[in-house]
Amino acid sequence: TRSLSITSLDQSMFEKAQGEKVTLPCTFVLSEEDEGPLDIEWVLIPADNQKKEQIIIMYAVDRIYNHYYAAMTERMQFTNPDPRSGDGSLDILNLKSADTGTYQCKVKKAPGVQSQKIQLTVLVRPARTKCSIEGSQEIGKDVILKCASQEGSPLLSYDWRRVSGTQELPATSMLNKNTGELLLKNASQDYSGTYSCVASNRVGTDECSVELNVTPPINTAGIIAGAIIATLLGLSVLAFLVFYYCKKQREKKYEKEVHHDIREDVPPPKSRSSTARSYIGSNRSSLGSMSPSNMEGYTKTPYSQVPSEDFERTPGQNPTFAPSKVAAPNLSRMGAVPVMIPAQSKDGSIV
């Protein structure tokens, strides 16, 4: 007795790139004994056995139901609008990495029941691949060219090629296809040029490039010597500025001290002996110029009012004056009042 059977059993695994379209096949043949209503279900079996199966689309009682799985509501459909023709295949549009999983097609028409499982893997193409250079680009140094994709499903493979010059990798180069590193040992100027890296997986490729410029070693000794000279020059300038500042401060301080000494330096007072002599001399000149009519007031002035002199001298320094007698001139002839001239005694007082 012949019953319902599924004919699309040749391919059970599919690998597609993200964004592409996939058709999961499910074709079947009915038998004469299958008299019940036709029922077709597509179920997503989760990788976690603890989770339940999720119906994503169903055909039953001549009607299509596709609202069970919101993540694919607008991205899935039956390949044939009328599955009764024996084609219950499923189309999934704009694939996403989350669509990866096991899908099962169940066909029921009583009393026959058949199912088929298909493994779908959605891969991501390599994208945002970046190239870089690690190490000093000097002659004799080891240089590493690095290549890495920011996106892409494993297993990613990397391949380097030279796009300028001889277009062949240097003889000393070592390539790691899994990490994308190209080691160039003992680099020379002949290694200079443009290098390109191609990242690939089973669904696509991506590419980047980098420019390598191998140069002679930098004159480190000259740089160090220049830095030392510049430092010494800077210290010399700083020392000169400090010296100049200190010199200016000392000059200002000296000017202030000199100005202060000049203002406080008061002329010494005149000695009393000189004051007394000045007083006597002024009186003599006055007497010599006066007439006999106004001499009367001066003759009555007592000599006790003449300022006395107190010399601050040691006893050995006091000069000894011998009393002298001054002969009075004939005042009647001169028409002047006689004036007595004071003399200094041995003790320094005026007599």
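These numbers were taken from a predicted model, which means no experiment stands behind them.

Q: Account for the pattern of salt bridges, with residues named and values stated.
A: One pass over the full model with this rule turns up 12 salt bridges. In this structure, Arg84 engages Asp82 in a salt bridge whose closest nitrogen and oxygen atoms are separated by 3.0 Å. By relative accessible area, which is 47% here, Arg84 ends up partly exposed. Across the pair Glu181 and Lys146 runs a salt bridge, and its minimum N-O distance is 4.0 Å. One end of the pair, Glu181, is in strand β16 (residues 181-184); the other, Lys146, is in strand β13 (residues 143-151), with 35 residues separating them in the sequence. In this structure Glu181 comes out as partly exposed when scored by relative accessible area, which is 32%.

Q: Which residues make up unusual backbone geometry, and what values go with them?
A: Pro111 follows Ala110 through a cis peptide bond whose omega is 5°. Structurally, Pro111 is set in the loop between β10 (101-109) and β11 (112-123). In this chain, Pro154 is followed by Leu155 through a cis amide linkage whose omega measures 5°. Its identity is not glycine, yet Asn186 carries a phi of approximately 50°, on the positive side. Here Asn186 shows up in the loop between β16 and β17 (193-201). In this structure Asn186 comes out as exposed when scored by relative accessible area, which is 52%.

Q: Explain the sheet that holds β11 to me, using residue names and the numbers behind them.
A: Spatially, β2-β11-β10-β5-β6-β7 is the arrangement adopted by the six strands of the open sheet, whose pairing is mixed. Among the strands making up the open sheet, the edge pair consists of β2 (13-17) and β7 (63-65). Taken pair by pair, the neighbouring strands of this sheet meet at an average axis angle of 20°, ignoring direction. Where strand β5 (residues 38-45) lies against strand β6 (residues 54-60), six bridges are found, and the strand directions are antiparallel. Paired with Ile40 across the strands is Tyr59, a residue of β6.

Q: Pulling in residues and values, what's your account of the packing of aromatic side chains?
A: Scanning the model with the defined rule gives one aromatic pair in all. Residues Phe240 and Tyr244 carry aromatic rings whose centres are separated by 6.4 Å and whose planes lie at 25° to one another, so their mutual orientation is stacked. Remark: Tyr244 and Phe240 occur in helix α1 (residues 220-264); sequence separation between them is four residues, near one turn of the helix. In this structure Tyr244 comes out as partly exposed when scored by relative accessible area, which is 44%.

Q: Describe the pairing of β10, naming the residues involved and giving the relevant values.
A: The two faces of the sheet receive side chains in turn, since in a regular strand these alternate between them. Pairing of β5 with β10 involves eight bridges; the strand directions are antiparallel. The partner of Trp42 across the bridge, within β10, is Cys105. One ladder, built from nine bridges, connects β10 with β11; its direction is antiparallel. Looking at the pairing, Thr102 lines up with Gln119 of β11. Between β10 and β11, which pair antiparallel and follow one another directly, the connecting turn spans two residues.

Definitions and cut-offs
- Residues numbered from 1 in each chain as written.
- Predicted model: local features only at pLDDT ≥ 70, side-chain atom pairs only at ≥ 80, totals over all residues.
- Heavy atoms only, no water.
- Salt bridge = Lys/Arg side-chain N within 4 Å of Asp/Glu carboxyl O.
- Buried < 20%, exposed > 50% of the residue type's maximum accessible area, 1.4 Å probe, protein only.
- Helix = DSSP H or I, 4+ residues; strand = E, 2+ residues; numbered from the N terminus.
- Pairing = 2+ DSSP bridges.
- Axes fitted to C-alpha atoms, helices over the stretch in contact; angles between N-to-C directions.
- Phe/Tyr/Trp six-rings, centres within 6.5 Å; stacked < 30°, edge-to-face > 60°.

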